[in-house]
Amino acid sequence: MKVKTTRFGELEVNPNDIVTFAEGLLGFENLKKYFVVDPGDSTLILWLQSTEDEKVAFPIIEPKIFKPDYIAKLLPADLNGLELESLQTAKLYSILTIPANVTEMSANLKAPVVINSTKKVGKQIVLQDSKLSVKHEMYKELKTFIVNFSSDDARRTSYEPSIALETGDLKSNSTSISRTLEA
């Protein structure tokens, strides 16, 4: 299917790559369908593009890239609607704010986007950890990673999801989801 975007022009998108956010994203609750765009540059920044509004695209990044110790501690209730059978099928992203002065770029670590890459369902989850920031300044950390980044593109996708289940486990998915996964 063809999707018009203001940032990337018209893109051919496989309908199987469309991710449904039943609750939308914070502030964009009315937009439910998105897909991930990889512009193929060396920044490691991807884009979460709406299929319903060509003007809406969020820059996203895997937080482990710039903050290796980041763990999203989710409650079992947080996982409702994601249909996860295993945390290995979960992709975790932070939404970025990129102002005119790129050195002031920040990542929202407080409300990550979790995508079930198998079922193509997503959810933005507000974490209960008061130490996490919605504006984590991360330009220097990202720049350091990019400078040390090898040309092996598999490195971007080799990260284990940095998700931990806070208490209990899912009723039907007990052992695979109740473990803490760290890279």
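Quantities reported herein were computed from a predicted structural model and do not represent experimental measurements.

Thresholds applied
- Residues numbered from 1 in each chain as written.
- Predicted model: local features only at pLDDT ≥ 70, side-chain atom pairs only at ≥ 80, totals over all residues.
- Heavy atoms only, no water.
- Helix = DSSP H or I, 4+ residues; strand = E, 2+ residues; numbered from the N terminus.
- Buried < 20%, exposed > 50% of the residue type's maximum accessible area, 1.4 Å probe, protein only.
- Contact = heavy atoms within 4.5 Å.
- Areas by Shrake-Rupley, 256 points an atom, 1.4 Å probe, with all protein chains shown as cover.
- Salt bridge = Lys/Arg side-chain N within 4 Å of Asp/Glu carboxyl O.
- pLDDT = per-residue confidence, 0-100.
- Phe/Tyr/Trp six-rings, centres within 6.5 Å; stacked < 30°, edge-to-face > 60°.

A. Structural context of the overall build of the protein chain. If you tally the helices and strands in the protein chain, you get three helices and 13 strands. In the protein chain, buried positions account for 44% of the 183 residues. Sequence-distant contacts, at least 24 apart, represent 57% of the contacts inside the protein chain between residues at least 6 apart. As displayed, the protein chain has an accessible area near 9,700 Å², and 49% of this comes from carbon and sulfur atoms.

B. Local environment of unusual backbone geometry. Phi at Glu83 is positive, roughly 55°, even though this residue is not glycine. Along the chain, Glu83 turns up in the loop between strand 7 (72-74) and strand 8 (90-97). Phi angles above zero are rare outside glycine, and Lys120 is one such case at about 60°. Position of Lys120 among the secondary structure elements: in the loop between strand 10 (113-116) and strand 11 (121-124).

C. Spotlight on the side chain of His136. Looking at the secondary structure, you find His136 in strand 12 (residues 136-137). On the accessibility criterion, His136 (18% relative accessible area) is buried. What His136 contacts, discounting residues up to four positions off in sequence, is Phe66, Lys67, Met105, Ser106, Ala107, Leu109 and Glu141.

D. Spotlight on the pattern of salt bridges. Going through the model one piece at a time under the given rule, you end up with four salt bridges. Its salt-bridge partner being Lys2, residue Glu12 comes within 3.2 Å of it at the nearest N-O pair. Taken together, the residues span a long stretch of sequence, with Glu12 in strand 2 (residues 9-12) and Lys2 in strand 1 (residues 2-5) at a distance of ten residues. Neither Glu12 nor Lys2 differs from the other in exposure class; each is exposed. The salt bridge involving Asp69 is made with Lys67; its shortest N-O contact spans 3.2 Å.

E. Main features of the confidence of the model for the protein chain. When the pLDDT values of the protein chain are averaged, the result is 82; 80% of them are 70 or greater. Taken element by element, the protein chain is modelled with least confidence in helix 3 (residues 174-178), mean pLDDT 32, and with most confidence in strand 3 (residues 19-20), mean pLDDT 98. Predicted confidence for residues 155-159 stays below pLDDT 50, and this span has 15 contacts to residues more than four positions away or in other chains.

F. Spatial organisation of the packing of aromatic side chains. One pass over the full model with this rule turns up four aromatic pairs. With centroids separated by 5.4 Å and ring planes inclined at 85°, the aromatic side chains of Phe21 and Tyr34 adopt a geometry described as edge-to-face. Here Phe21 is found in the loop between strand 3 and strand 4 (33-37), whereas its partner Tyr34 is found in strand 4, with 13 residues between them in sequence. The class for Tyr34 is buried, based on a relative accessible area of 0%.

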